[in-house]
Amino acid sequence: MGLHRDDVGGAAQPLLSLFTITWRDTATAPRAATAARAVTASGGHRHVEYLELSCGPLTISEVSRRPEPGSGLPSLPLLQIHAHLPHPDCKRLAVFTVSAVAVSRREEYRALLRGIVETVRFEDPLRVAA
């Protein structure tokens, strides 16, 4: 969870964001196909970008959600930016997500998530050091 100041444009408003990493089991398939499938299933993924990084193929996409009417939650849109990174075993998918209500800062959050995924390695650090 992040609480930081919106220092773009002099607003100095506090911004709240949430970063999560989840694992999903997938059908065995080539990693590029798994990355592409992750954003083509229903779910409203937009602004899809396919990348080849040192950790392998991945997709970055955005989803905007609103609470159901009558839920008692504020009707602010929730921006979720996802990075889908297939594991080299071709059986799992790591999903990195940044969520925030500051939809106008989508480019900044997208750049933040891209910076995070550029550091991902699917290697055992103990084996690499040996």
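Preceding this paragraph is the structure being described.
The shown structure was predicted, so the numbers you read here are calculated from the model rather than taken from an experiment. (Residues numbered from 1 in each chain as written. Predicted model: local features only at pLDDT ≥ 70, side-chain atom pairs only at ≥ 80, totals over all residues. Heavy atoms only, no water.)

**Quick word on the nonpolar core**
To keep things clear, this is the line we draw: What makes a nonpolar core is a set of buried Ala, Val, Leu, Ile, Met, Phe, Trp, Tyr and Cys residues whose side-chain atoms join them at distances within 4.5 Å. Remark: exposure states derive from per-residue accessible area (1.4 Å probe, protein chains only) relative to the maximum for the residue type, with buried under 20%, exposed over 50%, and partly exposed in between. Labels follow the DSSP assignment, with helices taken as runs of H or I lasting at least four residues and strands as runs of E lasting at least two, numbered in each case from the N terminus. Contacts between residues were defined by any pair of non-hydrogen atoms, one from each residue, lying within 4.5 Å.
In this structure, Leu-58, Ala-83, Leu-85, Phe-96, Tyr-109, Leu-113 and Val-117 are the most contacted members of the largest nonpolar core, which totals 18 residues. For this core, the secondary structure elements donating two or more residues are β4 (56–65), β5 (78–86), β6 (92–100) and α2 (106–117). Not counting residues up to four positions away in its chain, the partners in contact with Phe-96 are Phe-19, Thr-20, Ile-21, Ile-81, His-82, Ala-83, Leu-85, Leu-113, Ile-116, Val-117 and Val-120.

**What to know about the environment of Ala-27**
Among the structural elements, Ala-27 can be located in the loop between β2 (13–25) and α1 (31–40). In this structure the C-alpha to C-alpha distance between Ala-27 and Arg-106, which are 79 residues apart in sequence, comes to 31 Å. Leave out the neighbours within four places in its chain, and Ala-27 touches Thr-34 and Cys-90.

Treat this as a map of the structure, not an account of what it does.
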